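Fold and geometry: a report
Next come the chains, spelled out residue by residue.
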Protein chains: 2
Amino acid sequence: MAEPLFKRAAFIGIGLIGSSMARRMAADGLAGELVACARSQDTLDQAVGLGVVSQAYDTPAAAVEGADLVVIATPIGSYASIAKAIGPALKPGAIVTDVGSVKQAVVDAVTPYLSDQNPFVPGHPIAGTENSGPASGFPELFEGRWTILTPTESTNSDAVEKVRTLWEGMGAMVDIMTPSHHDMVLAITSHLPHLIAYTIVGTATDLEDDLRQEVVKYSASGFRDFTRIAASDPVMWRDIFLNNREATLETLQRFSEDLTALQRAIRRGEGDVLEKLFARTRKIRRGIIDAKQAE
Amino acid sequence: MAEPLFKRAAFIGIGLIGSSMARRMAADGLAGELVACARSQDTLDQAVGLGVVSQAYDTPAAAVEGADLVVIATPIGSYASIAKAIGPALKPGAIVTDVGSVKQAVVDAVTPYLSDQNPFVPGHPIAGTENSGPASGFPELFEGRWTILTPTESTNSDAVEKVRTLWEGMGAMVDIMTPSHHDMVLAITSHLPHLIAYTIVGTATDLEDDLRQEVVKYSASGFRDFTRIAASDPVMWRDIFLNNREATLETLQRFSEDLTALQRAIRRGEGDVLEKLFARTRKIRRGIIDAKQAE
């Protein structure tokens, strides 16, 4: 059997993304040994019980001992304290990576605590579901999806290539860009859509009881698709908005202006304005289907 | 073989909804003969070519001749002229129904042109896809979904029961409510979500070329779900917003206030406010899954 890409991989956090990675790495022999730590004992018990990892640790520092790959897969708000804890415990040469949805803030939080001997390769798989926890993971999650790596100028390029090989081994396509460009693109493709979905589902949640029952009953008419997005992990998303504040607010501003224009067209009964916009938006869907990111 | 529910059903408009109804009615023997007219010859040719209907007519008046059920399944803006055209051509006792997404405006548009001998039973199946045209229809579209009927005080109750039987025969569950209540509920569950989706996809459409390419590429992170909704038929949706203006604007107002509050929380870094909202919205998704309107 060929030597695995990593001898020992340690997951800090083992939810949907972490456990999907671990399952796939085990299935495809990308790591010799897989271990994890998590904040809650219940999560750890599940991860070991499901066979996702072979060993569970109480602290990040204990988990990373002897590992040549460390994957941080927790809500972003916890990164600085995790980096601080694992920094001194890392094996020389061990690569640290992550899967967070914001990248500049993550670089700022992690790098100060790592020595020159431990390259940090920030990563973000553009894949997921609305479910959380180790039981929700599955090895095909990244198949045919993009993973973005955002190394800085000082990131060791061999380490970047090794993390790229890992993601390609898990079925993903890999792109490289700067952390700040990533944050701007994702503000549009991900953070704004989640913000909007959370808002609209929140608006419905505030309705009187009777009406809310009816909204649930007739949700197949459009509302339902928003509830799927708005069922995503609350702490993870809280941290995303707090850590990509500028880009999210900037994008939200554009959206609000466009919404106001549409509102005005409806109020004034400008059918031609509405039809023209609605015809244009159809084309983007076609582009996504052509790019094989939807059926 | 048992007598079909309707001897001859005429569809005015034979797109996604009309053709799905016709397919199911044929499959389950709910109508003896199915005919249609449509504005475009291409649509008519497709509907006949696919075997969805047995006969095609050039005008609504010709199509409804001899029919005991007439289904109006065109964009709402065309209803008044259709009703005017078919009114004098209807067989005494023929039931007229529709599938439009707005109901008060439809009642106002149609009833003035029908005689007392032709009951109008307004209907709205809460089902659909983002695709349009006769080829996109399929007989299972209404299975397990709700159809809302909105008879007025003067609507003949036998006619209402017959239309209910038709929908139940097509696998739907039927609810009855007033036109104005329907319009308020659908403004929340359907019209606002579509308005938001059209806006956000429109905002992305306006981006510079490079950035728009990236939005398509990384759409799996949330944006993709909005593009599905925003790929719906442009004329149909133009007419919905023009005809349910008050309820849509009222709902949009609530949404905008909530969005502003969330924007403020992000700007001020109020993590607890964000987390609390994001945790609440998860529950509505659970309600929808429990109501079997999503998996």
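Residues numbered from 1 in each chain as written. Chains lettered and ligands numbered in written order. Predicted model: local features only at pLDDT ≥ 70, side-chain atom pairs only at ≥ 80, totals over all residues.

1. Some thoughts on the overall build of chain A
A count of helices and strands for chain A gives 12 helices and nine strands. Computed over C-alpha atoms, the radius of gyration of chain A comes to 21 Å, within 12% of the 19 Å expected from 2.2 N^0.38 for 295 residues, which places it in the range of a compact globule. Its C-alpha atoms give chain A principal-axis dimensions of roughly 65 × 45 × 35 Å. For chain A, with 295 residues in total, the buried portion stands at 56%. (Helix = DSSP H or I, 4+ residues; strand = E, 2+ residues; numbered from the N terminus. Rg over C-alpha atoms; globule rule 2.2 N^0.38 Å. Buried ≥ 20, exposed ≤ 12 C-beta atoms within 10 Å, placed from the backbone.)

2. Considerations on the environment of W167(B)
Residues and elements named next belong to chain B. Structurally, the position occupied by W167 is in helix α6 (residues 157-169). W167 gets classed as buried once you count the C-beta atoms within 10 Å, which come to 23. Put simply, W167 and L149 are 18 residues apart on the chain and 9.9 Å apart in space, counted from C-alpha to C-alpha. Setting aside residues no more than four positions away along its own chain, W167 makes contact with T147, A172 and V174. (Contact = placed C-beta atoms within 7 Å.)

3. A few points about the packing of helix α7 (residues 179-205) of chain A against helix α12 (residues 271-290) of chain B
Two measures define how a pair of helices packs: the angle their axes make with one another and the distance between the axes. Where α7(A) meets α12(B), the axes come as close as 9 Å, and the angle between the chain directions of the two elements is 70°. The angle between α7(A) and α12(B) places the two elements in the roughly perpendicular class. The two elements α7(A) and α12(B) meet at a crossing, and its hand is left-handed. Contacts between α7(A) and α12(B) involve Y198(A), V201(A), G202(A), A204(A) and T205(A) from the first element and L277(B), F278(B), R280(B), T281(B) and I284(B) from the second. Counted by class, the contact of α7(A) with α12(B) contains six nonpolar, three polar and one charged residues. (Axes fitted to C-alpha atoms, helices over the stretch in contact; angles between N-to-C directions. Parallel < 35°, antiparallel > 145°, perpendicular 65-115°, else oblique. Left-handed = near helix turned anticlockwise from the far one by under 90°. Nonpolar A, V, L, I, M, F, W, Y, C, P; charged D, E, K, R; others polar.)

4. Focus on helix α10 (residues 234-243) of chain A
Burial runs high along α10(A): nine of the 10 residues are buried. Looking only at α10(A), the buried set comprises P234(A), M236(A), W237(A), R238(A), D239(A), I240(A), F241(A), L242(A) and N243(A).

5. Some thoughts on the sheet that holds strand β3 (residues 55-57) of chain A
All names here are of chain A. Spatial strand order, β3-β2-β1-β4-β5-β6: six strands in an open sheet with parallel pairing. The open sheet terminates on both sides in strands that have one partner only, identified here as β3 and β6 (120-121). Note: strand β5 (residues 95-98) against β6, two bridges, orientation parallel. Bridging across to β6, T97 finds its partner in V121. (Pairing = 2+ DSSP bridges.)

6. Notes on the sheet that holds strand β9 (residues 173-176) of chain A
Residue and element names in this part refer to chain A. Pairing in this open sheet of three strands is mixed, and the strands run β7-β8-β9 from one edge to the other. Two strands in the sheet have a free side with no partner beyond their single neighbour: β7 (123-125) and β9. If you compare each strand with its neighbour and ignore which way they point, the axes differ by 20° on average. Across four bridges, strand β8 (residues 146-149) lies against β9 in parallel orientation. Following the sheet pairing, I148 is matched in β9 by D175. The strands touched by helix α6 (residues 157-169) within the sheet are β7, β8 and β9, with β8 carrying the most contacts at an inclination of about 170°.

7. Overview of the interface of chain A and chain B
Taken together, the contact pairs 76 residues of chain A with 76 residues of chain B. Among the secondary structure elements, those contributing two or more residues to the side of chain A that touches chain B are α7, α8 (209-217), α9 (223-229), α10, α11 (245-267) and α12 (271-290) of chain A. Examining the composition of the side of chain A that touches chain B, we find that 18 residues originate from one element, α7(A), more than from any other. Classifying every residue of the side of chain A that touches chain B by side-chain character gives 43 nonpolar, 18 polar and 15 charged.

8. Quick word on the relation of the copies chain A and chain B
Turning one copy of the chain about an axis and sliding it along that axis gives the other copy, so a rotation and a shift relate them. When chain A is brought onto chain B, the operation consists of a screw motion whose angular component is 180° and whose axial shift is 0.0 Å, with 0.0 Å RMSD remaining. Those values place the two copies in the arrangement expected of a two-fold rotation axis. Among all residues of chain A, the one whose C-alpha sits closest to the rotation axis is D225(A), at a distance of 3.4 Å. Most of the interface of chain A is mirrored in chain B, where 100% of its interface residues again form contacts. (Least-squares fit on C-alpha atoms with pLDDT ≥ 70 in both.)

9. Focus: the domain arrangement of chain A
Residues and elements named next belong to chain A. According to the domain assignment, chain A consists of domain 1 (6-176) and domain 2 (181-290). Just the C-alpha atoms count here: the centres of domain 1 and domain 2 sit 30 Å apart. Listed by partner, the interface residues are 13 residues for domain 1 and 15 residues for domain 2. By residue class, the composition of the side of domain 1 that touches domain 2 is five nonpolar, six polar and two charged. (Domains from an automatic or database assignment.)

10. Here's the deal with α7(A)
In α7(A), a bend of some 55° at A187(A) exceeds every other bend along the element. Burial runs high along α7(A): 22 of the 27 residues are buried. (Bend = angle between axes of the 7 residues up to and from the residue.)

11. Observations regarding the pairing of β5(A)
Residues and elements named next belong to chain A. Neither face of β5 is exposed, since I95 and T97 on one face and V96 and D98 on the opposite face are all buried. As defined by bridge partners, strand β4 (residues 69-72) adjoins β5 across four bridges and the pair is classed as parallel. Paired with V70 across the strands is V96, a residue of β5. Handedness of the crossover joining β4 and β5 through helix α4 (residues 79-86) is recorded here as right-handed. For the crossover that starts at β5, traverses helix α5 (residues 104-110) and ends in the parallel β6, the hand is right-handed. (Right-handed = clockwise from strand over helix to strand, strands pointing away.)

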